[in-house]
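# Coordinates in review
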Amino acid sequence: MKHALYIIMCMCLMLLASCTQEKKKGKVIGKVQSAPYELLVVADKEWLKTDAGQSLVNMTETPIEGIPQPEPNFRATYIYPHAFSGTFRGYANIIVVNVGKKYKEARLGWASNVYAQPQVVLSLEAPDDKSFAELVMAHRESILEAFNANEFKRERAFLKKKHSGVVSRQVQKQFGVDIQAPVDVDDIKKGKDFMWASASEQEFRLNVCVYTLPLREMTAEKLVEARDSVMKINIPGGREGQWMETDRRSVLSGSVTVDGKDLMAVRGFWDMKDDAMGGPFVCYVYPDEKRQRLLIAEGFVFAPNTKKRPLIRQLEATLQTINLQP
C-alpha cells in the first residue's frame, strides 16, 4: 500500500509539472474522450495470448472490491500498436506494452496529459516475457490504484461543475462542511447528528449519509458497531423489526489519500434485517479535531440487476469532495 501511495504521489507531481509546462509553451490539449473506467491497452493481440500477455490481461480484469457480483476495475480495449492514433489517443487511461531484446531491463514508466487531459499513460517495457510478467506482478496493485485515482479525479471535476445543491446546503447547515453529491440525490431525511440523502426518483437508488461520532481512535470493528447503531435508529425498514445493518463477513478496511491526508476507509455490503434488500457501501472517516468529532461520510447503493461499479465509484468520489473547512 505504501508503494502504491508513493506511485500516486509521484503521478500528482507529474500532473502539476505537465500543466505548468503546457502553460509555458502555450500548448493546447483537449479533454479525454473515453467513458469512465475505460482502459486502452496497446499491444500485439497475438502476444496477449501468451502467458506473459495473460498476466497483463488478468491484471486489467481484476474485480473491484466490495461489490456483490464480480465486476472488473476497468473495461479494457486492446489494440495493435499501429492502430494507436486518432480517437484512441483520447482515452484517459492507457497502457503501452513493449517487449523485446532492445530493452535492457524491465521498467515501468509514467506520463501524464500526453494526448489529452486528465490522462495517465503507462509504459511497460521488458527484454523478455519472463521479466515482463514479473514486472506486472510486482506493480499490479499500484498500477490499478493509479488509474483509479485518475478516474476519481475526473469524477470529482464533474461533481464540482454539477452537483446536488440540496445536499450541499443541508450538509453545510447541519455539519458546517462542504460536499458535492450527484445532482439526482435530492431527497433529504434528517436525524440527530445524521443526514440521509437519496435519489428516490431513479430505478436504482444512490444514497449519501453523513453523521458524526465522538473524536476517538477508530478501528474497522468499532466503526461497524457504530454504523449499525446509527443506521438502526435512522434507516428503518418498511415493517417493525427491520433496519439497515452491516454484513460483517463482507467488511474490508484500508486507507485512502484525499488531498494529501490519509483517511480510514471501510467498504462491504449492507442489508435490511429480515428483508431481501441489500447492496454495497463505502465509508470514509474524517477526523475533525477542530470540532472534536469524527465526521463519517458514506455512500450506499440499492440497484437490483444493475452493474454496481459505476454507481459505488461515483459515490466514493462524492465522499472525496468533503471539505472540513468552514
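Located above this text is the structure these notes cover.
So, here's what we can say about the structure. None of the values given here were measured: they were computed from a predicted structure. (Residues numbered from 1 in each chain as written. Predicted model: local features only at pLDDT ≥ 70, side-chain atom pairs only at ≥ 80, totals over all residues. Heavy atoms only, no water.)

## Some words on the overall build of the chain
Formally: Helix and strand assignments come from DSSP, with helices taken as H or I runs of at least 4 residues and strands as E runs of at least 2, each series counted from the N terminus. Based on C-alpha atoms, the radius of gyration is set beside the globule rule, defined as 2.2 Å times the residue count to the power 0.38. Burial classes: relative accessible area under 20% of the type maximum marks a residue as buried, over 50% as exposed, and values in between as partly exposed (1.4 Å probe, protein chains only). Contacts are residue-level and defined by heavy atoms, with any inter-residue pair within 4.5 Å sufficient. All accessibility values rest on the Shrake-Rupley procedure with a 1.4 Å probe; residue burial counts only the protein chains present in the view. Note that His is not counted, nor are the chain ends; the positive residues are Lys and Arg, and the negative ones are Asp and Glu. A single reference atom marks each charge: NZ on Lys, CZ on Arg, CG on Asp, CD on Glu.
Counting secondary structure elements, the chain contains six helices and twelve strands. Taken over the C-alpha trace, the chain has a radius of gyration of 21 Å; the compact-globule value for 326 residues is 20 Å, and the two agree within 12%. Along the first, second and third principal axes, the C-alpha set of the chain runs to 70 × 45 × 40 Å. Residues counted as buried form 50% of the 326 residues belonging to the chain. Sequence-distant contacts in the chain: of pairs separated by 6 or more residues, those separated by 24 or more amount to 62%. Carbon together with sulfur atoms contributes 53% to the accessible area of the chain, which is approximately 16600 Å² in total. Mean positive and mean negative side-chain charge positions of the chain (45 and 40 charges, respectively) differ by 6 Å.

## A closer look at the sheet that holds strand 11 (residues 278-288)
What counts is decided by this rule: Here a strand pair is declared whenever DSSP counts at least two bridges between the two strands. An axis is simply a line fitted to the C-alpha atoms; with a helix, the fit covers only the stretch in contact. Between two such axes, the angle follows the N-to-C directions and lies from 0 to 180 degrees.
Read across the open sheet, the seven strands follow the order 6-7-8-12-11-10-9; overall the sheet is antiparallel. This sheet does not close on itself; its edge strands, each paired only once, are strand 6 (187-191) and strand 9 (244-258). Here the average twist between neighbouring strands, direction ignored, is 20°. Both strand 6 and strand 7 (residues 194-198) contribute to a ladder of five bridges, which runs antiparallel. When the sheet's bridge partners are listed, I188 is paired in strand 7 with A197. The strands that helix 5 (residues 220-234) touches are strand 6, strand 7, strand 8 (205-214), strand 9, strand 10 (261-272), strand 11 and strand 12 (293-302); relative to strand 9, the one it contacts most, it runs at about 125°.

## Structural notes on the packing of helix 2 (residues 51-60) against helix 3 (residues 129-161)
What counts here: Roughly parallel refers to an angle under 35 degrees, roughly antiparallel to one over 145, roughly perpendicular to one between 65 and 115, and oblique to any angle outside these ranges. Throughout this entry, Asp, Glu, Lys and Arg are counted as charged residues, while Ala, Val, Leu, Ile, Met, Phe, Trp, Tyr, Cys and Pro are counted as nonpolar. The remaining residues, Gly among them, count as polar.
One way to put it is that helix 2 packs onto helix 3 with a least axis distance of 8 Å and a crossing angle of 10°. For the element pair helix 2 / helix 3, the angle class is roughly parallel. Of the residues in helix 3, those touching helix 2 at A52, S55, L56, N58 and M59 are D129, F132, A133, V136, R140, I143 and L144. Its residues placed into classes, the contact of helix 2 with helix 3 shows eight nonpolar, two polar and two charged.

## Notes on empty space enclosed by the protein
Counted only if it meets this: Throughout, the protein atoms alone are placed on a 1 Å grid, and a set of points is a cavity if a 1.4 Å probe fits but cannot get out or a pocket if it is open with protein on both sides within 12 Å along at least five of seven lines; lining residues have an atom within 4 Å of a point. Grid points are joined across faces, edges and corners, and a volume is the space filled by probe spheres set on the points.
Within the structure shown, the criterion is met by one cavity of 30 Å³ or more. When its volume is computed, the largest cavity comes out at roughly 40 Å³. Around the largest cavity, the lining residues are I64, E65, G66, R267, F281, V282, I312, R313 and E316. Here the lining of the largest cavity is composed, by residue class, of four nonpolar, one polar and four charged.

## Comments concerning the environment of K153
Mapped onto the elements of the fold, K153 is located in helix 3. Assessed through its relative accessible area of 33%, K153 is described here as partly exposed. Once the C-alpha coordinates of K153 and Q320 are considered, the two residues, 167 residues apart in sequence, prove to be 9.5 Å apart.

## Side note on the sheet that holds strand 5 (residues 120-126)
Strand pairs in the sheet, formed through backbone hydrogen bonds, run parallel or antiparallel to each other. In spatial order, the strands read 2-1-3-5-4; together these five strands make up an open sheet with mixed pairing. Where the open sheet ends on each side, the last strands, each with one partner, are strand 2 (75-79) and strand 4 (107-112). Taken over all neighbouring pairs, the strand axes of this sheet differ in orientation by 20° on average, direction set aside. Where strand 4 and strand 5 come together, six bridges link them in antiparallel fashion. Residue pairing across strands places L108 opposite L124, the latter belonging to strand 5. Here helix 3 sits on the sheet in contact with strand 1 (38-42), strand 3 (93-99), strand 4 and strand 5, set at roughly 175° to strand 5.

## Quick word on the side chain of S34
Let me state the cut-off plainly: The term polar contact refers here to a pair of N or O atoms within 3.5 Å; inside protein, the definition further demands a hydrogen-donor-capable atom paired with an acceptor-capable atom, and it admits residues adjacent in sequence only when both atoms are side-chain atoms.
By secondary structure assignment, the location of S34 is in the loop between helix 1 (2-25) and strand 1. For S34, the side chain forms a polar contact with the main-chain nitrogen of A92, separated by 3.0 Å.

From the geometry alone we can't say anything about function, so treat these as descriptive.
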